[in-house]
Amino acid sequence: MHKKLEKILECIEDIDFILNHNEFVITQTIEDKILKPAIKMNIVRIAEEFENFNNDYEINILKNFKNEDLKSMSDIYSNYGLDDTIVENIVKNHLPTIKATIVKMKEEIQKSKTRLSEKNKAKLKELEIFKNNFRIHILNGWTDLVFELGKNIEELCKLANCGLPKIEYIQSKYASLRFDYYFETPVPKIVEKLIDSLIYQAEDKSERICEFCGADGEIRIKKSTNWYIAICDKCANERNDLVKIKEFGN
Ligand SMILES: [Zn+2]
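Caption draft 1: The packing of helix α4 (residues 67-78) against helix α5 (residues 84-113), seen in detail. It is at 9 Å that the axes of α4 and α5 come closest, and there the two elements cross at 120 degrees. Between α4 and α5, the angle falls in the class oblique. Regarding α4 and α5, the two cross each other, and that crossing is left-handed. Of the residues in α5, those touching α4 at Glu68, Asp69, Ser72, Met73 and Ile76 are Ile90, Asn93, His94, Leu95, Thr97 and Ile98.

Put into structure tokens, the structure is as follows:
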């Protein structure tokens with residue numbers, strides 16, 4: 001996710017931590033000299049990040065937030081510093097909605113990663129072979145692989161002077177590409193054999209290409225659900241509970 005948003009979230013979580021972890025006895029001195037300045041410092045940091053969004057004209061991000069929340073932050077910049085009343089108002093009335101907005105944006109980003117984007121769907125549809133509707137369940141990371149495969153099959157059929165096959169489905173199964181097709185009119189056996197070997201090569205490659213981002217990856221398994229995914233180290237680090245296939249069962 002956006003670095004500035006991560007920073008804001010971190011600061012809000014720090015403030016939550018300060019407010020919710022009062023197991024020790026808080027004297028007035030501790031409150032005045034440690035807790036309040038710590039909370040204020042975090043609020044100023046949050047306001048700074050919002051100011052950076054403004055300076056960089058990141059309207060697409062800012063438009064997700066409520067106007068009154070944005071105003072509470074810009075006010076810190078334009079006027080009178082942070083007295084206790086302002087701090088209390090921000091902590092009570094603005095930080096919870098700011099936090100909820102960022103968490104929601106984060107979820108949206110995660111969700112969008114778990115399906116093929118419209119842009120990548122459109123890219124595949126550029127090929128004649130993928131023009132018709134068929135079932136496709138892959139993630140964005142395999143777009144180039146599937147495009148390449150489709151293009152190779154098209155070229156082969158052109159060389160062999162036969163029509164294009166119909167695609168039945170394209171999907172990821174056990175972190176490996178599955179590509180099913182059929183010909184409506186019979187073609188020479190050798191053409192089918194060659195297509196099958198192109199598919200076989202792509203299947204083999206797919207297990208080493210991250211399904212999320214397309215970088216070099218390997219198969220990992222989600223222990224709790226036995227879900228298989230081809231994934232790179234970076235994307236695997238953003239998720240938990242994934243083990244490499246060779247370590248599975250140990
Ligand atoms: Zn990745």
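Further notes follow.
Caption draft 2: Up close: the packing of aromatic side chains. For the coordinates displayed, the defined rule picks out six aromatic pairs. Consider the rings of Phe50 and Phe53, whose centres lie 6.3 Å apart with planes at 65 degrees: the pair is edge-to-face. Here Phe50 and its partner Phe53 are both found in helix α2 (residues 28-55), three residues apart, which amounts to about one turn of the helix. An identical accessibility class is assigned to Phe50 and Phe53; each is buried. Ring centres of Tyr174 and Tyr228 lie 5.1 Å apart, and the angle between their planes is 85 degrees; on these two criteria the pair is classed as edge-to-face. Of this pair, Tyr174 sits in the loop between β2 (166-173) and β3 (176-182) while Tyr228 sits in strand β5 (residues 227-231), and the two are 54 residues apart along the sequence. Grouped by ring-pair contacts, the aromatic residues Phe50, Phe53 and Phe65 constitute a single cluster. Cation over ring: Arg239 sits above Phe212, and NZ or CZ is 3.8 Å from the ring centre.

Caption draft 3: Molecular detail of unusual backbone geometry. In this model, Tyr57 sits at a positive phi of 55 degrees, which is unusual for a non-glycine residue. Note on placement: Tyr57 falls in the loop between α2 and α3 (59-62). A positive phi angle is found at Ala175, which is not glycine, with a value near 65 degrees. Position of Ala175 relative to the elements: it lies in the loop between β2 and β3. A relative accessible area of 0% means that Ala175 is categorised as buried.

Caption draft 4: Molecular detail of the sheet that holds strand β6 (residues 242-244). Ordered by their spatial adjacency, three strands build an open sheet running β5-β4-β6, and the pairing between neighbours is antiparallel. The sheet is open, and its two edges are formed by β5 and β6, each paired on a single side. Strand-to-strand, the axes of this sheet are offset by a mean angle of 40 degrees, without reference to chain direction. Judged from the five bridges that link them, strand β4 (residues 218-222) and β5 form a sheet pairing that is antiparallel. Counted as the bridge partner of Glu218 is Ile231 from β5.

What counts and what doesn't
- Residues numbered from 1 in each chain as written.
- Predicted model: local features only at pLDDT ≥ 70, side-chain atom pairs only at ≥ 80, totals over all residues.
- Heavy atoms only, no water.
- Axes fitted to C-alpha atoms, helices over the stretch in contact; angles between N-to-C directions.
- Helix = DSSP H or I, 4+ residues; strand = E, 2+ residues; numbered from the N terminus.
- Parallel < 35°, antiparallel > 145°, perpendicular 65-115°, else oblique.
- Left-handed = near helix turned anticlockwise from the far one by under 90°.
- Contact = heavy atoms within 4.5 Å.
- Phe/Tyr/Trp six-rings, centres within 6.5 Å; stacked < 30°, edge-to-face > 60°.
- Buried < 20%, exposed > 50% of the residue type's maximum accessible area, 1.4 Å probe, protein only.
- Lys NZ or Arg CZ within 6 Å of the ring centre and 35° of its normal.
- Pairing = 2+ DSSP bridges.

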